[in-house]
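Below are the chains, spelled out letter by letter.
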Amino acid sequence: MKVQIPRRNIDIDQVPRPLFAVQSSTIEQDWEVEPHRHQKAQLIYTVRGMIRCEVENGLWLVPPQCALWMPGNVLHNAQGAGSSEAYCLFVDQHVVAGLPQSCCTLSVSPLLRELLLQATTFEPLYDEQGAEGRLTAVLLDQLVAAPIENLHLPVSDDARIRQLTEGMLNSPADKSTLGQWAQRIGMSERSLSRTLQQQMGMSFGHWRRQLHVMLALQRLTQGESVQTVALDLGYESASGFVTMFRKAVGKPPARYLAERNASGQPLGGAISM
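As the structure is a prediction and not an experimental result, all values here were calculated from the model. (Residues numbered from 1 in each chain as written. Predicted model: local features only at pLDDT ≥ 70, side-chain atom pairs only at ≥ 80, totals over all residues. Heavy atoms only, no water.)

Draft legend 1. Local environment of the pairing of strand 5 (residues 58-62). Most of strand 5 is tucked away, with 5 of its 5 residues classed as buried. Here strand 5 shows a buried face lined by Gly-58, Trp-60 and Val-62 and a second buried face lined by Leu-59 and Leu-61. Bridging between strand 4 (residues 51-55) and strand 5 involves 5 bridges; their strand directions are antiparallel. Bridging across to strand 5, Ile-51 finds its partner in Val-62. Both strand 5 and strand 11 (residues 152-154) contribute to a ladder of 3 bridges, which runs antiparallel. Counterpart to Trp-60 in the pairing with strand 11 is His-152. (Buried < 20%, exposed > 50% of the residue type's maximum accessible area, 1.4 Å probe, protein only. Helix = DSSP H or I, 4+ residues; strand = E, 2+ residues; numbered from the N terminus. Pairing = 2+ DSSP bridges.)

As structure tokens, this is what we get:
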């Protein structure tokens, strides 16, 4: 039997169902949701625009037709710049084996997308023994099978590494060497290199390339040209930027964005992060 309860002011963690989906609305201005946590895991699926989440020690970017998965009880915030549109799915991660145990970005197939959108029409207390329950089971299977993508930028609680992060975010075209950045933030080059490997798991060059990919996606999804983005990030030509992007992501930016934009069109509703 289906029981209807109002969606307003719902405590997500108290909904006694494997999942609870929330429709999104198009937001035409910058927005931010303050850091918070909940027991249930969460999937944030971006339809349009770019959503950025800081999750404990990592910065995650969610471009169109991609999704961020966060296990339960993870402290996180969310923010969008300009026009954006997203859907949220809250999942009891104990109901099915194989769900990711750490934060990651997932590629959303057309089937998973349609299942997610259909789930947003369910009442919170949908009939688990009926058609909605069966669709929920398929959705969870598709979620387990979704490919993981690498759109993660590690960050650190170390004040000096934070200073480096903010400096590079503010001046991404800065071509300063590791040694020059180390001098600016009061560290030796060797100490900075070791700290980056220990706290972020990657070299300075790898971390800077990852930053460029994330900043590029944020701007490309807003309609800026590859040429403009490449020059603003400090590349001498668009081809040099495309080569970097292909090595980092596995495909050139135009193809990457086209594949995501082809899998769905913007929809409407009400947002909750």
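Draft legend 2. Representation of the sheet that holds strand 9 (residues 104-107) within the structure. Pairing within the open sheet is antiparallel, and its 6 strands lie in the order 1-8-3-6-9-10. The open sheet has two edge strands, strand 1 (19-22) and strand 10 (148-149), and neither has a second partner. Where strand 3 (residues 41-48) and strand 8 (residues 85-91) come together, 7 bridges link them in antiparallel fashion. Bridge pairing in strand 8 links Leu-43 to Leu-89. Across the sheet, helix 2 (residues 131-145) is in contact with strand 1, strand 3, strand 6 (66-70), strand 8 and strand 9; its angle to strand 8 comes to roughly 105°. (Contact = heavy atoms within 4.5 Å. Axes fitted to C-alpha atoms, helices over the stretch in contact; angles between N-to-C directions.)

Draft legend 3. Layout of empty space enclosed by the protein. Counted according to the given criterion, the structure contains 2 cavities of 30 Å³ or more. By volume, the largest cavity amounts to about 50 Å³. In this structure, the largest cavity is lined by Arg-52, Leu-59, Leu-61, Leu-153, Leu-169, Leu-211, Met-214, Leu-215 and Gln-218. Of the residues that constitute the lining of the largest cavity, the class distribution is 7 nonpolar, 1 polar and 1 charged. (1 Å grid on protein atoms, 1.4 Å probe; cavity = no way out; pocket = protein on both sides within 12 Å on 5 of 7 lines; lining within 4 Å. Points joined across faces, edges and corners; volume = space filled by probe spheres on them. Nonpolar A, V, L, I, M, F, W, Y, C, P; charged D, E, K, R; others polar.)

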